Amino acid sequence: MTDEQYMKLAIEQAERALEKDEVPIGAIIVYQDEVIASGFNVRELSQETLSHAELIAIQQANKEIGSWRLEDCTLYVTLEPCPMCAGAIVQSRIKRVVYGAVDPKAGCAGTIMNLLDNQRFNHQAEVTSGVLEKECSLLLTNFFKALRERKKH
């Protein structure tokens, strides 16, 4: 499958978050051309800081592989990883990260900084950005627009 096809699966995860009135962010992890884990943002539902899509997917992948090392995996996520998720990506040794929309407020895979390509860490991940960016951005824009409308009433 192509990056775009895998990103569509991450978008499906983001849509699941949207159904639960969560910020629509979704992630999947691919190992040997097979989706082994998925996750979507549930921070409001769980009221837990660590409930980001990437972290949920990483934990599932750890269980699926039976290791904390995800060295031959690719993470697809609809929004550029934040500092917390970028740190988890480095720690889990994920080989490649593909994201859709940039995050100008918290993006740590190239926008504010790139924690995934910092040579001072013992691991770096290859980053591909902007895959289905318009679709990923639109999910977020529409969610926050609707949220603002609800708050007006």
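Not measured: the values here are computed from a predicted model. (Residues numbered from 1 in each chain as written. Predicted model: local features only at pLDDT ≥ 70, side-chain atom pairs only at ≥ 80, totals over all residues. Heavy atoms only, no water.)

Another point: the overall build of the protein chain. Each helix and strand in the protein chain was counted, giving five helices and five strands. The linear arrangement of helices and strands in the protein chain, starting from the amino end, is α-β-β-α-α-β-α-β-β-α. If one aligns the C-alpha atoms of the protein chain with their principal axes, the spans along those axes are about 50 × 30 × 30 Å. Across the 153 residues in the protein chain, those meeting the buried criterion constitute 47%. Counting contacts in the protein chain only where the partners sit at least 6 residues apart, residues at least 24 apart contribute 58% of the total. By element, 49% of the accessible surface of the protein chain is carried by carbon and sulfur atoms, the whole surface being about 8,400 Å². For the protein chain, the centre of its 17 positive side-chain charges and the centre of its 22 negative side-chain charges are spaced 6 Å apart. (Helix = DSSP H or I, 4+ residues; strand = E, 2+ residues; numbered from the N terminus. Buried < 20%, exposed > 50% of the residue type's maximum accessible area, 1.4 Å probe, protein only. Contact = heavy atoms within 4.5 Å. Areas by Shrake-Rupley, 256 points an atom, 1.4 Å probe, with all protein chains shown as cover. Lys, Arg positive; Asp, Glu negative; His and termini not counted. Charge placed at Lys NZ, Arg CZ, Asp CG, Glu CD.)

This part is about the environment of Glu71. Locating Glu71 in the fold gives a position in the loop between helix H3 (53-65) and strand S3 (73-79). Counting along the chain gives 53 residues from Glu71 to Gln124, while the straight-line C-alpha distance between them is 11 Å. Aside from chain neighbours lying at most four places away, what touches Glu71 is Ser92, Arg93 and Lys95.

Below, the discussion takes up the side chain of Asn118. Relative to the assigned elements, Asn118 resides in the loop between strand S4 (96-101) and strand S5 (126-128). Here Arg120 takes part through its backbone nitrogen, which lies 2.9 Å from a polar atom of the side chain of Asn118. Those residues in contact with Asn118, other than ones at most four positions away along the chain, are His123 and Gln124. (Polar contact = N/O pair within 3.5 Å; in protein donor to acceptor, adjacent residues only side chain to side chain.)

Next up on the list: the packing of H3 against helix H4 (residues 83-92). Where H3 meets H4, the closest approach of the two axes is 9 Å, and the angle between their N-to-C directions is 20 degrees. Judged by the inter-axis angle, H3 sits roughly parallel to H4. As for the relative orientation of H3 and H4, their crossing is left-handed in sense. Two secondary-structure elements touch here, H3 through Glu54, Leu55 and Ile58 and H4 through Met84, Cys85, Ala88, Ile89 and Ser92. Taken together, the residues of the contact of H3 with H4 break down into six nonpolar, one polar and one charged. (Axes fitted to C-alpha atoms, helices over the stretch in contact; angles between N-to-C directions. Parallel < 35°, antiparallel > 145°, perpendicular 65-115°, else oblique. Left-handed = near helix turned anticlockwise from the far one by under 90°. Nonpolar A, V, L, I, M, F, W, Y, C, P; charged D, E, K, R; others polar.)

Now for the pairing of strand S2 (residues 34-40). The two faces of a sheet get side chains in turn, since along a regular strand they alternate between them. Of all seven residues in S2, five are buried; the element is thus mostly enclosed. Bridging between strand S1 (residues 26-31) and S2 involves six bridges; their strand directions are antiparallel. Opposite Tyr31, over in S2, you have Glu34 as the bridge partner. Where S1 folds back onto S2 in an antiparallel hairpin, the turn is made up of two residues, including Gln32, whose phi is positive at roughly 50 degrees. (Pairing = 2+ DSSP bridges.)

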